[in-house]
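# A look at the structure
Listed below, chain by chain, are the residues.
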Amino acid sequence: MWYQRLPQIFCGIQHQLKGGVRHQDLKHPCFPNRLPAARRWQHTALGPRDCAWQQHEDHLELRYAGTVMRFDYVWLRDHCRSASCYNSKTNQRSLDTASVDLGIKPQTIRLNETMLFLTWPDGHVTRYSLEWLLKNSYEGQKQAVQPKILWNAEIYQQAQVLPVDFQSFLETKDGLKEFLQNFLLYGIAFVENVPPTQEDTEKLAGRISLIRETIYGRMWYFTSDFSRGDTAYTKLALDRHTDTTYFQEPCGIQVFHCLKHEGTGGRTLLVDGFYAAERVLQRAPADFDLLSKVPLKHEYIENVGECHNHMIGVGPVLNIHPWNKELYLIRYNNYDRAVINTVPYDVVHRWYAAHRTLTTELRRPENELWIKLKPGKALFIDNWRVLHGRESFTGYRQLCGCYLTRDDVLNTARFLGLQA
Ligand SMILES: C[N+](C)(C)CCCC[C@H](N)C(=O)O
Ligand SMILES: O=C(O)CCC(=O)C(=O)O
Ligand SMILES: [Fe+2]
């Protein structure tokens, strides 16, 4: 999957260091004692896990538990967990990083079965547990991506993910944890047996996050009365989209609870945007690349009744973490996409083609999960990953819900011991 690909540029840099810089430390005047030995791997006394280190001109190479890690010397000084450098009560750095010499190198390095000891030129000693280094190194982080199951309708249905019961969600740690685990894996999760009221829906939301108040209010409650200037407030069908693409940071999670529907139609459509994007990456990597690089605007312009809003958000359709190439946010809403004026005409044309490729994947019937929201069943959607839409409907339909802040949902998940 793309989030496991190595950034090309980093591989290149590592090769260079291996080939060229490695042996120059012999000539360096700062290390009178350790020099002849430094080029060889230094091993610990036999410990439980295989461990060795090698000092280079500009970094320390450490082999531990089958992983080769490379640490910059300033990094090693900066992350010192000694009492004078780090406040372990507040988990905050006390060290002024700007006071560290950018050419700093350890004077001595020592290792036992579990710890690495570095003595710096001013005599300060830094100790790291090898487990800590493994967990916090760049190389260790790359192995620790939050697990996700990308899905189409069949994959999701075969997984038979069970909804979590309202009481168990509210009152037990296990219920909450199971819910969040499902949510992190699939980007959607359901709670059942919820009393069909706005208050109980609010209770649900409050259990995992702070509610993100927006121009639509804190909790919203809507019917097809066009009380707001948006198609959501009508009976019309809505094609798949993510919400609030016109915010600089689109809302992280959306909660839907249908309190009433007396009529026909109105089913909800869900599509895993990450699944579709992964297929674009496999089949048309240049399109994937363009969708992740071309910034464009989405906007919300409303002048209905007392509501006057003009929101603008700028960013690409596919948002990728530069350090590990992980896709973390899809911004896809063809209704709210603004005039494209951020790129010249030839890029625009290639962008339209790339957008078409993605749209084709998003519209494959096998990728569509259709469900009917009923009173009692609340749906949580990861609005950075899963697109939603709805079928047109007849009759009276009341939907309530809210947006949540993503940081707070992940905060709860981490508190419960989940990787998020
Ligand atoms: C959910 N709620 C009805 C409050 C808002 C609807 C927002 C609709 C907007 N076009 C968007 O996609 O962001
Ligand atoms: O009416 C629905 O089911 C959903 C409408 C919608 O897309 C929204 O409110 O964000
Ligand atoms: Fe929506």
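Everything here concerns the structure above.
Residues numbered from 1 in each chain as written. Chains lettered and ligands numbered in written order. Predicted model: local features only at pLDDT ≥ 70, side-chain atom pairs only at ≥ 80, totals over all residues. Heavy atoms only, no water.

## Brief notes about the site of ligand 1
Taken together, 14 residues are adjacent to ligand 1, and Asp230, Thr244, Tyr246, Asn333 and Asp336 come closest. Separating an oxygen atom of ligand 1 from a side-chain N or O atom of Asn333 is a distance of 3.1 Å. Contact between ligand 1 and Asp336: a nitrogen atom at 2.8 Å from a side-chain N or O atom of the residue. For ligand 1, whose accessible area on its own is 380 Å², the fraction buried by protein is 95%. When its residues are assigned to classes, the shell around ligand 1 shows seven nonpolar, four polar and three charged. (Near = heavy atom within 4 Å. Polar contact = N/O pair within 3.5 Å; in protein donor to acceptor, adjacent residues only side chain to side chain. Areas by Shrake-Rupley, 256 points an atom, 1.4 Å probe, with all protein chains shown as cover. Nonpolar A, V, L, I, M, F, W, Y, C, P; charged D, E, K, R; others polar.)

## Description of the packing of aromatic side chains
Considering all chains together, one arrives at 20 aromatic pairs under this definition. Geometrically, the ring pair formed by Phe71 and Trp75 is tilted, given 5.1 Å between the ring centres and 35° between the ring planes. Pairing Tyr246 with Tyr300 gives two aromatic rings, centres 5.1 Å apart and planes at 35°, and the pair type is tilted. Residue Tyr246 is found in the loop between strand S14 (238-241) and strand S15 (253-262), and its partner Tyr300 is found in strand S17 (residues 296-304); the two are separated by 54 residues along the sequence. The exposure classification of Tyr246 matches that of Tyr300, with both residues buried. One Lys or Arg, Arg81, reaches over the ring of Tyr86 and ends 3.8 Å from the middle of that ring. Seen from the ring of Phe190, Lys377 lies directly overhead, with NZ or CZ sitting 5.1 Å from the centre. (Phe/Tyr/Trp six-rings, centres within 6.5 Å; stacked < 30°, edge-to-face > 60°. Helix = DSSP H or I, 4+ residues; strand = E, 2+ residues; numbered from the N terminus. Buried < 20%, exposed > 50% of the residue type's maximum accessible area, 1.4 Å probe, protein only. Lys NZ or Arg CZ within 6 Å of the ring centre and 35° of its normal.)

## A look at the sheet that holds strand S23 (residues 386-390)
If you walk across this open sheet you meet the four strands as S14-S23-S16-S21, and the pairing is antiparallel. Of all the strands in the sheet, the pair left with one neighbour each is S14 and strand S21 (369-371). In this sheet, neighbouring strand axes are inclined to one another by 20° on average, regardless of whether the strands run parallel or antiparallel. Direction of pairing for strand S16 (residues 268-272) relative to S21: antiparallel, over a ladder of three bridges. If you follow Leu270 over to S21, its bridge partner there is Leu369. Against the sheet, helix H10 (residues 273-283) makes contact with S16 and S23, and its axis sits at roughly 40° relative to S16, the strand it touches most. (Pairing = 2+ DSSP bridges. Axes fitted to C-alpha atoms, helices over the stretch in contact; angles between N-to-C directions. Contact = heavy atoms within 4.5 Å.)

## Comments concerning empty space enclosed by the protein
In this structure the tally under the stated criterion is three cavities of 30 Å³ or more. Here the largest cavity is characterised by a volume of approximately 40 Å³. Along its surface, the largest cavity is lined by Tyr156, Val161, Leu162, Pro163, Val164, Phe179, Asn182, Ala189 and Phe190. When contributions to the lining of the largest cavity are tallied by element, the ones reaching two or more residues are helix H8 (173-186) and strand S11 (188-192). Considered class by class, the residues forming the lining of the largest cavity number eight nonpolar, one polar and no charged. (1 Å grid on protein atoms, 1.4 Å probe; cavity = no way out; pocket = protein on both sides within 12 Å on 5 of 7 lines; lining within 4 Å. Points joined across faces, edges and corners; volume = space filled by probe spheres on them.)

The quantities given are spatial measurements derived from coordinates; they are silent on function.
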